[in-house]
Amino acid sequence: MEASSAMAARSFLSPPPTLRRPLGQPEPFSPPSVKLRARSSQPLFFSNIRTPAPVVGSKRGRLVARCAVDGVVTTEVDAPIEKRFPPFPAVMDINQIRSILPHRFPFLLVDRVIEYTPGVTAVGIKNVTINDNFFPGHFPDRPIMPGVLMVEAMAQVGGLVMLQPEVGGSRENFFFAGIDKVRFRKPVIAGDTLVMRMTLVKLQKRFGIAKMEGKAYVGGEVVCEGEFLMATGSGSE
């Protein structure tokens, strides 16, 4: 009776035949549990490592997690902020712009063209700096780019589209003829980069009139938009 009870106990405690390790096979390795600790007061989440929240004035870039031997997780900056923003492309530099537009200082308001399709569209930029001559009077305590100058800058980008052989514009006889549905969405201040897209919508070569649509952006947000009329000076007399 005692022998049968002992055999039953051994069969109950031993694993079934399918789970028994064959003779001579090493025991499978079971890695020890490692407790990860972050060197900050904030809890560690893997989502934070992939897409860290932006911090004003911080040099934090894409964070890379590194696990030390003692289980301490450290983070490091992949690239400093001054190396993370590529420059705008230069489809037209300032010298090429000056060869097309008749404007000169202080009224040349396009610094570079970053996209251009002849006779169709152009994207230009204006670097707004505190050294611009309109800031001392507009306004001394709060430098804001005048809306009329934003419209003028956009019209100059439109001129780069129109003053091309494909359209038949004349550099000596080119005028800003009118504006419609202009809206100013946000103020543009010193330090901003104004990105302006002008697109040709309709061209009447017989009368030398072109209709264009324009939008200006700062940081991807629309700050000004409207419709423009250009007189190319190529109409019949």
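Please refer to the structure higher up on the page.
Small disclaimer: the values here were computed from a predicted structure and weren't measured.

Colleague: How should the packing of aromatic side chains be read in this particular structure?
Modeller: The geometry of an aromatic ring pair is captured by two quantities: the separation of the ring centres and the angle between the planes. This structure, assessed with the given rule, holds 2 aromatic pairs. Measuring from ring centre to ring centre gives 5.8 Å for Phe176 and Phe228, while their planes differ by 25 degrees; the resulting arrangement is stacked. Of the two residues, Phe176 is situated in strand β6 (residues 175-184) and Phe228 in strand β9 (residues 221-231); the sequence distance between them amounts to 52 residues.

Colleague: Looking at this structure, I do not really get unusual backbone geometry. What am I missing?
Modeller: It is generally the case that most residues other than glycine have a negative phi and that most peptide bonds are trans. Between Phe105 and the following residue, Pro106, the backbone shows a cis peptide bond with an omega angle of 5 degrees. Along the chain, the position of Pro106 falls in the loop between α3 (94-100) and β4 (112-117). Omega for the peptide link from His138 to Phe139 comes to -5 degrees, which places this bond in the cis form. Relative to the helices and strands, Phe139 resides in the loop between β5 (121-127) and α4 (147-162). For Lys181, which is not glycine, the phi dihedral falls at a positive 55 degrees. Structurally, Lys181 can be placed in strand β6.

Colleague: What is the right way to read the layout of surface pockets from this model?
Modeller: One water molecule sets the probe size; rolling that probe over the atoms shows where empty space is left. The computed volume of the second largest pocket comes to approximately 170 Å³. If you go around the second largest pocket, the residues you meet are Arg98, Arg104, Phe105, Pro106, Leu108, Leu109, Asp111, Lys126, Asn131, Asp132, Asn133 and Phe134. Within the lining of the second largest pocket, the residues separate by chemical class into 5 nonpolar, 2 polar and 5 charged.

Colleague: What am I meant to see in the sheet that holds β9 here?
Modeller: The strands that make up a sheet are held in pairs by hydrogen bonds between backbone atoms, and each pair lies either parallel or antiparallel. Overall, antiparallel pairing links the 6 strands, which are arranged β4-β5-β7-β8-β9-β6 in an open sheet. Pairing within the sheet leaves two strands with one partner each, and these edge strands are β4 and β6. Taking each pair of neighbouring strands and ignoring which way they run, the sheet shows an average axis angle of 20 degrees. Bridging between β6 and β9 involves 7 bridges; their strand directions are antiparallel. Counted as the bridge partner of Gly178 is Leu229 from β9.

Colleague: Would you mind going over the pattern of salt bridges with me for this structure?
Modeller: Should their charged atoms come close, side chains of opposite charge can pair. Tallied over the full model, the rule gives 6 salt bridges. The residue Asp132 makes a salt bridge to Lys126 at a minimum N-O spacing of 3.1 Å. The burial state of Asp132 is the same as that of Lys126; both residues are buried. The salt bridge involving Lys181 is made with Glu227; its shortest N-O contact spans 3.8 Å. Note that Lys181 is positioned in strand β6 and Glu227 in strand β9, a separation of 46 residues in sequence. The structure contains a network of salt bridges with shared partners spanning Lys181, Lys211 and Glu227.

Here is what the cut-offs are and how they apply
- Residues numbered from 1 in each chain as written.
- Predicted model: local features only at pLDDT ≥ 70, side-chain atom pairs only at ≥ 80, totals over all residues.
- Heavy atoms only, no water.
- Phe/Tyr/Trp six-rings, centres within 6.5 Å; stacked < 30°, edge-to-face > 60°.
- Helix = DSSP H or I, 4+ residues; strand = E, 2+ residues; numbered from the N terminus.
- 1 Å grid on protein atoms, 1.4 Å probe; cavity = no way out; pocket = protein on both sides within 12 Å on 5 of 7 lines; lining within 4 Å.
- Points joined across faces, edges and corners; volume = space filled by probe spheres on them.
- Nonpolar A, V, L, I, M, F, W, Y, C, P; charged D, E, K, R; others polar.
- Pairing = 2+ DSSP bridges.
- Axes fitted to C-alpha atoms, helices over the stretch in contact; angles between N-to-C directions.
- Salt bridge = Lys/Arg side-chain N within 4 Å of Asp/Glu carboxyl O.
- Buried < 20%, exposed > 50% of the residue type's maximum accessible area, 1.4 Å probe, protein only.

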